Amino acid sequence: MLKGYLKYFLNKLGWFALTFVFAFLLNFILPRLMPGDPVAAIVSRFAQGMSNTSGVQAIYEQYTELFGTNKPMTEQFFIYLKNVARGDFGFSFSQYPRTVADVIKSSIWWTIALQFPAIIVGWLIGNTLGALAAYLKGGFDKVLMPISLFVSNFPTFGMAVIFMVVFGVNLKWFPTSGGYGFDLIPNFSWNFIQSVIVHYQLPFWSIVVIAIGGQAIGMRSMSIYELNADYVKYSRFMGIKDRKIVGYVFRNAMLPQVTGLALSIGTMVGGALVAEIVFSYPGLGTTLLRAVLGQDYPLISAVTLIITVMALFANFIIEILYGFIDPRIKATQSD
Amino acid sequence: MKHILQQVFRSGKFVTGFSIFMAIILIVVFYPMIITDAPLSIIGQGTFFPPGIYVSVYDSLSSTTYILNLDDATTKRITNKLNDEDRVSIKEWLVAAGIPESEIDTTDTQKLLDQWFTNYDSQKNVPGMTNAKRNYYVRLNTALKSLLSPEAAAVMQVNPLNNELEQIGTINQTDYVNVGEVANIRILPLGTDNFGRDVLTELVSATRVSLQIGFVAGIIATLIGLTLGLLAGYIGGFVDDIITFITNLFIVIPPFVLLILISFSIGQEQRGAFTIAVVIGFTSWVWTARAVRSQVISLRNRDHVNLSKLSGHSIVHIILNDILPYILSYVIMAFILQISSGILAEAGLSILGLGPRTTDVPTLGLMMNWAMIYQAHILGNWWAYMPVLVTIALITFSMNLMNTGMDQIFNPALRD
């Protein structure tokens, strides 16, 4: 039995390793196809007011050397690969004296702390509501379904804007932007933590609400499907208690929802990044926006790589858990 | 076919979704025929004019004036001019002058003004009041008095011969013009945006472009997904292995990340609405491919397919006649979802600043982007972003309603 799991685990691991290599390649190549010379853009910013052309030329060459954009593509790739392996993503073009690793280090935890709890909470609440709607039917279902349907089709940034206008601008319950008060310096004081919690609420709930809608709809249809299945009718004839049947039904309905979570994490992350931008939350989404505006390809490439790795990792964890939950996987692997 | 259509149109959800969607399409088609302004022409000098009817002041002056004696005209005029801040200030002064706070009601304009004129004295020294505040009260008093005075306002013009002002007319407080007789009136039902463009005209045009983006992206994604799914599912073997390999690679990479990378690589100048649509199409076929493949695999060994094979039909013939009809309902539903997610993807990209270039056509995402950059949501200029959000929500909601309705017909197990 354990051998079956090991095989499953190794198989998944192999796949994720391969996907990672592919994503890494795409990440390196695509932004470098961009027309225009980003180094020239930086130099023109630094050299403003310099009338000495040979000085500008010297700065240009120095930066080209620094970022390695004068070497052929393959050589750049191996330099990049070597550096990335050491956690060195080079310098950021748009925030020059800072390194990309530094910029990312200061924003990644905000994103992780915001998105993963939001997606998981949304998933849990959504599934509970969906299962209740399928089981209780009637009024609860009639009210919940259209709301979920509407909410799940609403773009995350739209929900973020509405939350911000209602709770931030009009009711003034929560601040409208940033991850903490603009007058504070990050530290472990009570004042700062309180400010972080207050700033957390709006982005968090706008992501949660969107996730709830989609999950509730999925869980409701899966549960209705299972509730009408033959084994349920058979169990009823056998006189098995309703409570016990419901337990089986929701367990079975849950399995596709777990896969659903794994597969929708990619999409959810995209939506959540844009929600961060709406609230100027100091996470990867806002960093990405600044990178795009500053034509900063080392930063864009690093941010997208990190996001991909995070999505891959989350998927991997879910797939491994799934191997333990779903008995059918055990069965197929031991053949 | 006719039977299926009848069934589909009997589903309440589908019909609701279909009606909303058709209404949007009709507006998008007919609005530009009635109002032929260019959607990106800048008409307003300044940002975010609120929705309303704009009447030319200059033309009103030269229109025929009618005298109407209305009792509440003065009160209305003052109510309109006296903002909440002034009312609070008046209350402060009155309280300082010794009127009990319970007798002052800032919402009752008439009573407030009476109290003000009987009690206000510019010579009176209120302890603790700054000079600026004292001057403010003097100004307020003058403004209120001039509003209440029955004197007419004079209309002057510079005489080009001697550069002197000459009075060419007067406007009494009882003068009215008939709006129908004023030459220039512009109705801006949704005001103007940050560039001074008519939001409604822009919105209709943006909806059209966004729908086109959705359709192009949906068609491309569905075609790629369908082709790959059919090939992988029907031919199987090595072809299946390769296609499944590619699908598995793309399925865990967040599509939004790919979109960002590709649109960034294309560069701002090359990014037209059509290019963005193609890029979205090329990054969102994965789901269709996977689902079509698994459905085709379950169909592949059915009797009617085997019979067709034995009869010597070509692969193309079998796929078109024996496989496609069975998965068509699914493909159409997937197509509808692709359209709505394409529209959302464009909006997300535009907010990141990676949408279509901003100079030739508006899209829903770009309108949203402009509204966010100019902080319409913080300034309370709801007309710049709310209609855009409502439009996006209506489009995606109507499409998903159609989808849910169709789903319930084609999967009887899901029926309530």
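Note that the structure is a prediction, hence the values are computed from the model and not measured.

Broken down by element type, chain B carries 17 helices and six strands. In terms of overall dimensions, chain B is more spread out than a globule: its C-alpha atoms have a radius of gyration of 33 Å, far above the 22 Å expected for 416 residues. Taking the principal axes of the C-alpha coordinates as reference, chain B spans close to 105 × 55 × 45 Å. Each of the 416 residues in chain B was classed as buried or not, and the buried ones make up 34%. In chain B, once contacts between residues fewer than 6 apart in sequence are set aside, the share between residues at least 24 apart is 72%.

Residue and element names in this part refer to chain B. Between helix α14 (residues 315–351) and helix α15 (residues 364–373), the shortest axis-to-axis distance is 7 Å and the interhelical angle comes to 30°. As judged from the angle between their axes, α14 and α15 are roughly parallel. In this structure, α14 crosses over α15, and the sense of that crossing is right-handed. Residue-level contacts link Ile-343, Glu-346, Ala-347, Leu-349, Ser-350 and Ile-351 of α14 to Leu-364, Gly-365, Leu-366, Met-368, Asn-369 and Met-372 of α15. Here the contact of α14 with α15 is composed, by residue class, of eight nonpolar, three polar and one charged.

Contacts between the two partners involve 47 residues from chain A and, on the opposite side, 37 residues from chain B. For the side of chain A that touches chain B, the elements supplying multiple residues, two or more each, are α1 (2–32), α6 (138–152), α7 (156–170), α8 (190–227), α10 (242–278), α11 (284–293) and α12 (297–325) of chain A. Taken together, the residues that form the side of chain A that touches chain B break down as 33 nonpolar, 14 polar and no charged.

This brings us to the confidence of the model for chain B. Summary statistics for chain B give a mean pLDDT of 85 and a share of 99% for residues scoring 70 or more. Taken together, the chains of this predicted complex give a pTM of 0.83 and an interface ipTM of 0.81.

Moving on, we get to the domain arrangement of chain B. When cut into domains, chain B gives domain 1 (2–43 + 194–414) and domain 2 (63–187). On a C-alpha basis, the centroid separation for the pair domain 1 of chain B and domain 2 of chain B is 56 Å.

Conventions we followed
- Residues numbered from 1 in each chain as written.
- Chains lettered and ligands numbered in written order.
- Predicted model: local features only at pLDDT ≥ 70, side-chain atom pairs only at ≥ 80, totals over all residues.
- Helix = DSSP H or I, 4+ residues; strand = E, 2+ residues; numbered from the N terminus.
- Rg over C-alpha atoms; globule rule 2.2 N^0.38 Å.
- Buried ≥ 20, exposed ≤ 12 C-beta atoms within 10 Å, placed from the backbone.
- Contact = placed C-beta atoms within 7 Å.
- Axes fitted to C-alpha atoms, helices over the stretch in contact; angles between N-to-C directions.
- Parallel < 35°, antiparallel > 145°, perpendicular 65-115°, else oblique.
- Left-handed = near helix turned anticlockwise from the far one by under 90°.
- Nonpolar A, V, L, I, M, F, W, Y, C, P; charged D, E, K, R; others polar.
- pLDDT = per-residue confidence, 0-100.
- Domains from an automatic or database assignment.

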